[in-house]
Amino acid sequence: MSINTKFFPINNRDISLLQKSRQIFSDCYLTSTLNSLTRNDFGRNLLKQNIQKSLNSDIYKIHFPGSPEKPKDIFVTETEINNLVLTDKYANIINHGFEENSIQKAVELAMNKLIQKYPRIKSLICRYADSVENFEYNFPSEFMSIFTGKQPTVINEKSLRMSLKSKQKQVFEILKEINNSNGDFNFVAGTGFKRKSEFDDWHCFTVQDVNLKNNSITLYNTRICSSTVLNINTFIDKFKYLAGYIN
């Protein structure tokens, strides 16, 4: 990379395509957080600040203001992006048939490099997961804090409890703030391990909307690019945690 390489923020079209991008690797914590940031001005401005691309050399610069020690820029090339393919643990390629998003892959590869340098930004329990890529498996709050530079509000993310029932008062306070925020929020909700649930275990969803008048919450699943509307009491029973920001 030339010392004179100039970088420019991703644009609104890039962000629109990022909102539609699908989770392909085991990194719902990352894809659901990025998806949440595409949905309001605060998030879009943050994406433009932290994800930039060179005009001529096809290099992405990913900025992590909350990186350990000091803010850090990680550079990812188009060649690295093309070489990142879904495989099993034996390096056999898994054909998925979905359109891949270069910006999402650039952030994933930047996380690979950052975790290699600072292993502690991947939670200890997640390091024991059977992952192929370093960026797979982590808690949303870990990614949020290093990507935004701000600590998110977190409810029950790392506790042993598998539902939000014991945190109902806190949950309703946050949902009320989200309801009144006019879309100016960035939250992710996650499941734990629960038997007989229609939701995948240990999976993250983008909080798309909260409507207290209808007692409902809308969640977006980047794994299948689809939204689900739930009764809030059902949400509290079926989901383990919330993490994010009211802007």
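Structure: see above.
Residues numbered from 1 in each chain as written. Predicted model: local features only at pLDDT ≥ 70, side-chain atom pairs only at ≥ 80, totals over all residues. Heavy atoms only, no water.

**What about the sheet that holds strand β2 (residues 51–54)?**
The line we're drawing: Two strands qualify as a pair provided DSSP detects at least 2 bridges between them. Helix numbering and strand numbering both begin at the N terminus, where a helix is a DSSP run of H or I of at least 4 residues and a strand a DSSP run of E of at least 2. Note on geometry: axes are lines fitted to C-alpha atoms, helical ones only across the stretch in contact, with angles between N-to-C directions running from 0 to 180 degrees.
Here 4 strands make up an open sheet; going across it, the order is β1-β2-β3-β4 and the pairing antiparallel. Pairing within the sheet leaves two strands with one partner each, and these edge strands are β1 (7–9) and β4 (72–77). Each adjacent strand pair in this sheet contributes to an overall mean axis angle of 30°, direction not counted. In the sheet, β2 pairs with strand β3 (residues 59–64) via 3 bridges, with the strands oriented antiparallel. Following the sheet pairing, Ile51 is matched in β3 by Ile62.

**Looking at the nonpolar core**
Heads up, the condition is: What we call a nonpolar core is a set of buried Ala, Val, Leu, Ile, Met, Phe, Trp, Tyr and Cys residues that are connected through their side-chain atoms within 4.5 Å. Exposure categories follow from relative accessible area, calculated using a 1.4 Å probe and restricted to protein chains: below 20% of the type maximum is buried, above 50% is exposed, and the middle band is partly exposed. Whether two residues are in contact is decided by their heavy atoms: any pair within 4.5 Å suffices.
Leu47, Ile51, Ile62, Phe64, Met111, Phe143 and Phe147 are the most contacted members of the largest nonpolar core, which totals 41 residues. Elements that contribute at least two residues to this core include exactly α1 (12–19), α2 (28–37), α3 (41–50), β3, β4, α5 (102–117), α7 (140–148) and β10 (241–246). For this core, the element with the most residues is α5, which contributes 8 residues. The residues contacting Ile62, other than those within four sequence positions of it, are Asn50, Ile51, Lys72, Asp73, Ile74, Ala106, Val107, Ala110 and Phe147. Counting residues in each nonpolar core, the second largest holds 21 residues, with Ile174, Ile178, Phe187 and Ala189 among its members.

**Observations regarding α5**
Since the α-helix advances by 3.6 residues per turn, residues separated by three or four positions end up pointing in the same direction. Quick reminder of the rule: For a helix, the expected span equals 1.5 Å multiplied by the number of residues minus one.
Along its 16 residues, α5 runs 23 Å from first to last C-alpha, staying within 8% of the 22 Å computed at 1.5 Å per residue. Counting buried residues along α5, 12 of its 16 residues qualify, which places the element largely inside the surrounding structure. Along α5, the residues classified as buried are Ile103, Gln104, Lys105, Ala106, Val107, Glu108, Leu109, Ala110, Met111, Asn112, Leu114 and Ile115.

**Re the sheet that holds β10**
If you walk across this open sheet you meet the 6 strands as β5-β10-β6-β7-β8-β9, and the pairing is antiparallel. Single-partner strands in this sheet number two, and they are β5 (153–155) and β9 (226–231). This sheet shows a mean twist of 25° between the axes of neighbouring strands, independent of strand direction. Along the sheet, α2 contacts β6 (185–190), β7 (204–211) and β8 (216–221); its crossing angle with β7, the most-contacted strand, is approximately 35°.

**So, the state of the cysteines**
Here is the rule we go by: Cysteine sulfur atoms are paired as a disulfide whenever they fall within 2.5 Å.
Counting across every chain of the model gives 0 disulfides. Free cysteine Cys28: the closest other cysteine sulfur is in Cys204, separated by 3.7 Å.

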